[in-house]
Amino acid sequence: MGKMKKKIVFLIMLMMLWFIGHIAVIVIDGLNDELGYADAAVVLGNKVELNGEPSVRLKDRLDKAAELYEEGYYKHIIVSGGIGKEGFDEAEVMKDYLVGMGIPGDSIIVDSKGNNTFMTAKNSKEIMTKSDFSSVMVISQFYHITRCKLAFRRVGFEKVYAGYSSFFEIKDIYSLIREFFGYYKYLFMKI
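This text gives an overview of the structure that appears in the document. (Residues numbered from 1 in each chain as written. Predicted model: local features only at pLDDT ≥ 70, side-chain atom pairs only at ≥ 80, totals over all residues. Heavy atoms only, no water.)

1. A closer look at the environment of Gly163
Looking at the secondary structure, you find Gly163 in strand E5 (residues 160–165). Remark: the alpha-carbon pair of Gly163 and Ser140, spanning 23 residues in sequence, is separated by 7.0 Å. (Helix = DSSP H or I, 4+ residues; strand = E, 2+ residues; numbered from the N terminus.)

2. Digging into the side chain of Ser140
Structurally, Ser140 can be placed in strand E4 (residues 136–141). Its relative accessible area of 0% is what places Ser140 among the buried residues. Here His144 takes part through its side chain, which lies 2.6 Å from a polar atom of the side chain of Ser140. If sequence neighbours within four positions are ignored, Ser140 has contacts with Leu44, Arg61, Ile145, Cys148, Gly163, Tyr164 and Ser165. (Buried < 20%, exposed > 50% of the residue type's maximum accessible area, 1.4 Å probe, protein only. Polar contact = N/O pair within 3.5 Å; in protein donor to acceptor, adjacent residues only side chain to side chain. Contact = heavy atoms within 4.5 Å.)

3. Observations concerning the pairing of strand E1 (residues 40–44)
Burial within E1 is extensive, with five of its five residues counted as buried. By the bridge criterion, five bridges tie E1 to strand E2 (residues 76–80) in an arrangement that is parallel. The residue of E2 that forms the bridge with Ala40 is His76. Chirality of the crossover, the property in question, places the unit of E1, helix H2 (residues 56–70) and E2 among those that are right-handed. (Pairing = 2+ DSSP bridges. Right-handed = clockwise from strand over helix to strand, strands pointing away.)

4. Structural notes on the nonpolar core
If you look at the biggest cluster of nonpolar residues, it comprises 29 residues, and the most contacted ones within it are Met128, Val136, Val138, Phe152, Phe157, Val160 and Leu176. Breaking this core down by element, the ones donating at least two residues are helix H1 (3–30), E1, helix H4 (117–130), E4, helix H5 (145–154), E5 and helix H6 (172–188). Take this core: its biggest share by element is five residues, from H5. Beyond its immediate sequence surroundings of up to four residues, Phe157 is in contact with Ala121, Ser124, Lys125, Met128, Ser134, Val136 and Phe152. (Core = buried A, V, L, I, M, F, W, Y, C linked by side-chain atoms within 4.5 Å.)

5. Let's talk about the sheet that holds E1
Strand order in the open sheet formed by five strands is E3-E2-E1-E4-E5, with parallel pairing between adjacent strands. Pairing within the sheet leaves two strands with one partner each, and these edge strands are strand E3 (108–111) and E5. Geometrically, the sheet is characterised by an average inter-axis angle of 25° between neighbouring strands, direction not taken into account. Across six bridges, E4 lies against E5 in parallel orientation. For Gln141, the partnering residue across the bridge sits in E5 and is Ser165. Along the sheet, H2 contacts E1, E2, E4 and E5; its crossing angle with E4, the most-contacted strand, is approximately 150°. Across the sheet, H5 is in contact with E1, E4 and E5; its angle to E4 comes to roughly 150°. (Axes fitted to C-alpha atoms, helices over the stretch in contact; angles between N-to-C directions.)

Quick look at the structure:
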């Protein structure tokens, strides 16, 4: 094998190790709740079913948010999402679900313009600055936690706690791969 081929093979192996290592970090980070008392939690949106109910994945995020709210980790919950292809405002559906679980409506803040993780972080920063809140807990799927924390730090949050939803499915493998690339996109994007 020529020197050039050896260098190419070495680079490919190095990139594969980097990819596998980063995926391992995402999994370990995401599966370890970083619980702490925060001014507010932010629940990131997800699919709403055609019948207007939150998907199983979204319900599990909301269940986690309600559980930690009841345990006293925060007094306010920001529900953030956009208008999905099903035609529903994710954030409004999320609020209705939490109210149905007994969370007071005046403890829930709706962000209907959280079309992606970065917009959710940016919108949450604006909402929380107006309310004089500074600490936040993000709640999402385990694979999404690392990028969420990065986005929230990039928009100016100093302390970001995290709680993960315990809903798992085979699609999470695809989502982990996507998160690898999404992390670096958020790391290097201009704010």
